[in-house]
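What follows is each chain in one-letter form.
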Amino acid sequence: MEQENSLFHQTGLSIRMKSLVFILAVLIGVVIASRHSTRGLASSRVTFSNPRTATNVRGGCPRRPKIPNTITALSTTVIERLTARLQETIRPCNGTSATSTATALSFSVVLGNVSTEFINLGCTESGTANAPTAHTIYRLASVSKTFSVKAALDAVETGLIRSLDDEVRQYVPDFYLENVFTNEQPTWRQLMSQQAGLPRDSPCDPLNCSVTTDDVLRRLARQRLLFPPYERASYSNVAFSVLGHVIAERLRNQTFETLLSGITEVLKMDSTGVDLTPAVLQRMPAYYTRYDIPVPVFSLHWDNPAGGIYSTTRDLARWLRHFLGRWQRSALYKQNMQPLFVEGSGNTAWGAPWEIEMSHPAGYMVRTKGGYIPGVSTIIAMVPELDLGFTVLWNGEGMDTMRVAMDLFNAVLHDVVVDQFEATDASEFPPAGPGFADKFLGLYGVPAALDLIHANVTKDAAGIVHLSAPGFGSFLLRPSGLAKDGDLVFQVFLHTSHYDACVEEGFAAYVGEWVTFSLSTATGVPQFRIPGYFDETFVHV
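This write-up is about the structure you can find in this document. Since this is a predicted model, take the numbers as computed values, not measurements. (Residues numbered from 1 in each chain as written. Predicted model: local features only at pLDDT ≥ 70, side-chain atom pairs only at ≥ 80, totals over all residues. Heavy atoms only, no water.)

What to know about the environment of serine 518
Then, in step 1: By the secondary structure assignment, serine 518 is in strand β16 (residues 514-519).
Then, in step 2: Judged by its relative accessible area of 0%, serine 518 falls in the buried class.
Then, in step 3: Taking C-alpha positions, serine 518 is 8.8 Å from arginine 529, a pair spaced eleven residues apart along the chain. (Helix = DSSP H or I, 4+ residues; strand = E, 2+ residues; numbered from the N terminus. Buried < 20%, exposed > 50% of the residue type's maximum accessible area, 1.4 Å probe, protein only.)

Side note on the environment of valine 489
Then, in step 1: Considering the arrangement of structural elements, one finds valine 489 in strand β15 (residues 488-493).
Then, in step 2: Residues valine 489 and phenylalanine 528, 39 residues apart in the sequence, show an inter-C-alpha distance of 9.4 Å.

Side note on the pattern of salt bridges
Then, in step 1: Taken as a whole, this structure holds 16 salt bridges when the rule is applied.
Then, in step 2: Of the charged contacts, one joins glutamate 88 and arginine 85 as a salt bridge, the two residues approaching to 3.1 Å between their closest N and O atoms.
Then, in step 3: With a relative accessible area of 53%, glutamate 88 lands in the exposed category.
Then, in step 4: Across the salt bridge formed by arginine 224 and glutamate 178, the nearest N and O atoms sit 3.3 Å from each other. Of this pair, arginine 224 sits in the loop between α6 (213-220) and α7 (237-251) while glutamate 178 is found in the loop between α4 (145-157) and α5 (188-192), placing the two residues 46 residues apart along the sequence.
Then, in step 5: Judged by its relative accessible area of 51%, arginine 224 falls in the exposed class.
Then, in step 6: Judged by relative accessible area, glutamate 178 falls into the partly exposed class, the value being 33%. (Salt bridge = Lys/Arg side-chain N within 4 Å of Asp/Glu carboxyl O.)

Some words on the pairing of strand β10 (residues 388-394)
Then, in step 1: Among the seven residues of β10, seven are classified as buried, and the element is accordingly described as predominantly covered.
Then, in step 2: The alternating pattern of β10 places Leu388, Phe390, Val392 and Trp394 on one face and Gly389, Thr391 and Leu393 on the opposite face, and all of these are buried.
Then, in step 3: Here seven bridges tie strand β9 (residues 376-383) to β10, and the two strands are oriented antiparallel to one another. Each bridged residue has a counterpart across the sheet, and for methionine 382 the counterpart in β10 is glycine 389.
Then, in step 4: Where β9 hands over to β10, the hairpin turn is made up of four residues, of which aspartate 387 adopts a positive phi near 60°. (Pairing = 2+ DSSP bridges.)

Regarding the side chain of aspartate 154
Then, in step 1: Of note, aspartate 154 is situated in helix α4.
Then, in step 2: When near neighbours in sequence (up to four residues on either side) are disregarded, aspartate 154 contacts Arg252, Ile263 and Tyr333. (Contact = heavy atoms within 4.5 Å.)

What to know about the sheet that holds strand β1 (residues 104-111)
Then, in step 1: Taken in spatial order, the eight strands of this open sheet run β2-β1-β10-β9-β8-β7-β6-β5, and their pairing is antiparallel. Both outer strands of the open sheet, β2 (115-122) and β5 (341-342), are each paired with one neighbouring strand and no more.
Then, in step 2: In this structure, strand β6 (residues 348-350) lies alongside strand β7 (residues 355-357), joined through three bridges in antiparallel fashion. Counted as the bridge partner of tryptophan 350 is glutamate 355 from β7.
Then, in step 3: Lying on the sheet, helix α11 (residues 313-329) is in contact with β1, β2, β9 and β10; it crosses β10 at an angle near 150°. (Axes fitted to C-alpha atoms, helices over the stretch in contact; angles between N-to-C directions.)

With respect to the packing of aromatic side chains
Then, in step 1: Applying the stated criterion to the full structure yields 13 aromatic pairs.
Then, in step 2: Measuring from centroid to centroid gives 4.7 Å for phenylalanine 390 and phenylalanine 409, while their planes differ by 45°, and the two rings are tilted. Of this pair, phenylalanine 390 sits in strand β10 while phenylalanine 409 sits in helix α13 (residues 401-418), and the two are 19 residues apart along the sequence.
Then, in step 3: Given the relative accessible area of 2%, phenylalanine 390 is considered buried.
Then, in step 4: With relative accessibility at 1%, the residue phenylalanine 409 sits in the buried group.
Then, in step 5: Taken together, Phe147, Trp319, Phe323, Tyr333 and Trp354 form an aromatic cluster joined through their ring pairs.
Then, in step 6: A cation over a ring is seen here: arginine 139 above phenylalanine 298, with NZ or CZ 5.6 Å from the ring centre.
Then, in step 7: Directly above the ring of phenylalanine 118 sits arginine 314, whose terminal nitrogen or CZ lies 4.5 Å from the centroid. (Phe/Tyr/Trp six-rings, centres within 6.5 Å; stacked < 30°, edge-to-face > 60°. Lys NZ or Arg CZ within 6 Å of the ring centre and 35° of its normal.)

Overview of the state of the cysteines
Covalently bonding the sulfur atom of one cysteine to the sulfur atom of another cysteine gives a disulfide.
Then, in step 1: For the structure on display, the rule yields two disulfides.
Then, in step 2: Paired through a disulfide, cysteine 93 and cysteine 123 show a sulfur-sulfur distance of 2.1 Å. With the S-S dihedral at roughly -135°, the linkage between cysteine 93 and cysteine 123 falls on the left-handed side. Of this pair, cysteine 93 sits in the loop between α3 (76-87) and β1 while cysteine 123 sits in the loop between β2 and β3 (138-139), and the two are 30 residues apart along the sequence. Each member of the pair cysteine 93 and cysteine 123 is classed as buried.
Then, in step 3: Two residues, cysteine 204 and cysteine 209, share a disulfide whose sulfurs are 1.9 Å apart. (Disulfide = S-S within 2.5 Å.)

Description of the nonpolar core
General note: in soluble globular proteins, nonpolar side chains tend to be found buried as a group.
Then, in step 1: Membership of the largest hydrophobic core comes to 77 residues, with the highest contact counts inside it found for Phe175, Trp188, Leu191, Leu198, Ile247 and Trp319.
Then, in step 2: With sequence-adjacent residues up to four places away left out, isoleucine 247 is seen in contact with Ala151, Ala152, Ala155, Ile161, Trp188, Arg252 and Leu259.
Then, in step 3: Residues Ile90, Trp394, Ala405 and Met406 belong to the second largest nonpolar core, which totals 31 residues. (Core = buried A, V, L, I, M, F, W, Y, C linked by side-chain atoms within 4.5 Å.)

In structure tokens:
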């Protein structure tokens, strides 16, 4: 203690003022910037001639393990867990259920380009033993909207649309609704994300929307926007029908059906389309309403881009793989997966066209698109950061598709992701190594700040180094591989999988800072510095 007192209890007005200013800065959440001083440690200063040679760490917040390269297939336990949860969403082939009218479902889960699993349950018609398969054709309902979004993204990539934030009327002059709130008109991105303020449904008979795009645009011109664009999320089917048709007819001079065929042919989705031929109808299950009444299959005609496309889980596995792959390679697709409007709870958000669940306990945003039309329930969902996605198609109604989607992701993530943190720790946060002797552990203080600033360096049973300090928090120190002339260089990373700690981290900006340990050439005492945070020397006490 005498040594500690002699180290800390130095006097001087300027020194005390400096420490008081620093403490106040910590209290109000201000990070002290590096003064870019030329003062070095008494020992040799480490220089980074090529910092990119340092080992890459997935240090984002929340910290998440890198999973895709470790998954080759789902375990039998996970498949059983998925099957059990899916079975709860359908009724017996010869009975009824209080929660679902569906007798059949088809499910596919995609693990990037590695593997695809299919699960098919129930019977395609009540009272029969005809089981569905991955080739059974289902109506997609509002999952159809993802194809209109794909058409818009393609139009940007080919230069037909300069920016998704352009007003649509710049390209389609007769697309106009009276806006009594502002002088703005909807943009492409607003049409894609339920942010345009358009009415919910198209101005036509919902059971026989046999109109033209010109008809619809004339009728919309006599209507008003419900809300100013971007003020709130307001679900609109007509927005996606307009999106699909005007891109096809006005920008590409073709029909929506031709546009859709071009997309599906490239992706080899040969069981996806809108034309309800006898061959297609023969491969469909019977559809049932909440009252166990069979629903006839009818065309949505002009509203096909919003809800009239059909497909199979095998085709949708290719569809998922396309979005997951483009997310990896395309900034446009990556931007398309981001939330555009967060609801007040902070748990859900709207994207283009994604309905996003933001509260997954492992810290991932689950992008979904659900769909309902009479006798049909569908959902497509993905976590592109994991290269993971799935789809479920039912021939009935009654289930909460978003809740089912989250339960299914939990079934996968519980074993495949959360349990990977231990393996990730071992690879991304290895032991400090033989050069980091126990003499570097213990309490450190800053002589220039009296006894008000101190830090504690510890090492856990696995050999991982931890740094904690009042106002700084507790963090992991990861060896950087940049040691030079006996100095040991680490980087600071947060050890959490939860978002609640991420806001604090973002304000403080500690993560990624370089920490250099050395021995003073003058005294031989261990010391460290964090130049980008608090450019003073912490000395072992």
